[in-house]
Amino acid sequence: YAINPDAVQERPEPLAAFNAVGHLVIPRAGGPAWATAAAPNASNTRYDRILRITLDGEATATYSLNNPATAAQMFGEDEIAVDQTANGANSRLYVVVNGTTANDEKSIVVFNANPATQPAPPIAAVDVENTRISLGVIPGFLAIAFEDSYRVGLLDTGRNQIVTLPNSQALFRHPVQI
């Protein structure tokens with residue numbers, strides 16, 4: 001919906017109609033917006049696609065969550081993040097997807113998010129622990145907050161790898177408590 005705070009309509013028309021599942025990211029002024037969605041008429045407790053929507057509602061593109069190796073449908077419930085560059089080149093969409101079973105690790109799936117291109121299969125997938133996950137973009141990295149282990153980890157966005165301690169294979173882990 002586009003809502004004008006100076007002239008709020010009682011029943012506004014949607015810019016783009018879809019089965020929303022709770023996450024919306026607008027990384028740069030002027031858009032585009034990125035939203036999690038489920039198939040039409042499906043439950044809206046988990047998403048199986050990400051929509052890229054221009055803020056005028058004229059163009060919508062769909063990023064399908066299919067496993068690149070098996071083509072199996074993937075689902076997510078956690079946050080998404082977009083690292084949108086000024087010219088769109090090297091922009092990335094980061095999506096947390098659930099494991100195949102409830103006990104499997106989750107993955108962060110990485111897509112090319114250049115608004116000038118059509119959605120394509122993921123360019124990378126990085127396994128992470130099976131817990132509630134929040135994401136945040138910082139220059140050169142994706143900050144990953146892990147709920148059950150009370151820590152923050154980092155994903156190197158240039159290499160699409162979890163950051164390890166210097167001269168070690170041990171994962172960088174910064175404990176946090178709120």
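Notes on the structure in this doc start here. Small disclaimer: the values here were computed from a predicted structure and weren't measured. Each residue is numbered by its place in its chain's sequence as written, counting from 1. With pLDDT at 70 or above as the cut-off, local features in this predicted model cover only qualifying residues; side-chain atom pairs require 80 or more to be listed or tallied, and sums for whole chains, interfaces and linings still use all residues. As a rule here, side-chain values cover all heavy atoms of the structure and leave hydrogens and water aside.

Secondary structure elements are taken from DSSP: a helix is a run of H or I of four residues or more, a strand is a run of E of two residues or more, and numbering for both begins at the N terminus. A count of helical and extended segments in the protein chain gives zero helices and 13 strands. Starting at the N terminus, the α and β elements of the protein chain follow one another as β-β-β-β-β-β-β-β-β-β-β-β-β. In this setup the radius of gyration rests on C-alpha atoms only. A globule is expected at 2.2 Å times the number of residues raised to 0.38. Taking 2.2 N^0.38 as the reference for a compact globule, 178 residues should give roughly 16 Å; the C-alpha atoms of the protein chain span a radius of gyration of 17 Å, in line with that estimate. Overall size of the protein chain, expressed as C-alpha extent along the three principal axes, is 55 × 35 × 35 Å. With a 1.4 Å probe rolled over the protein chains alone, any residue whose accessible area is under 20% of its type maximum counts as buried; one over 50% counts as exposed, and the rest are partly exposed. Relative to its 178 residues, the protein chain shows a buried fraction of 37%. For the protein chain, restricting intrachain contacts to residue pairs at least 6 apart in sequence, the fraction spanning at least 24 positions comes to 35%. Roughly 10400 Å² of accessible area belongs to the protein chain as shown, and the carbon and sulfur atoms make up 50% of that amount. The charge count treats Lys and Arg as positive and Asp and Glu as negative. His and the chain ends do not count. By convention, the point assigned to a charge is CZ for Arg, NZ for Lys, CD for Glu and CG for Asp. Of the side-chain charges in the protein chain, 11 are positive and 17 negative, and the distance between the mean point of each set is 4 Å. Any two residues whose heavy atoms approach within 4.5 Å are treated as being in contact. Residue-level accessible areas treat just the shown protein chains as cover; the underlying method is Shrake-Rupley with a 1.4 Å probe.

Once that is clear, we can look at unusual backbone geometry. Of the consecutive residues glycine 31 and proline 32, the connecting peptide bond is found in the cis state with omega at 10°. With respect to the element layout, proline 32 can be found in the loop between β1 (19-25) and β2 (33-38). Even without glycine at this site, asparagine 41 takes up a positive phi of about 70°. By the element assignment, asparagine 41 lies in the loop between β2 and β3 (49-53). You can call asparagine 41 exposed: its relative accessible area is 82%. Here the phi dihedral of tyrosine 150 falls at roughly 50°; this positive angle occurs in a residue that is not glycine. Its location among the elements puts tyrosine 150 in the loop between β10 (141-146) and β11 (151-156). What makes tyrosine 150 exposed here is its relative accessible area of 55%.

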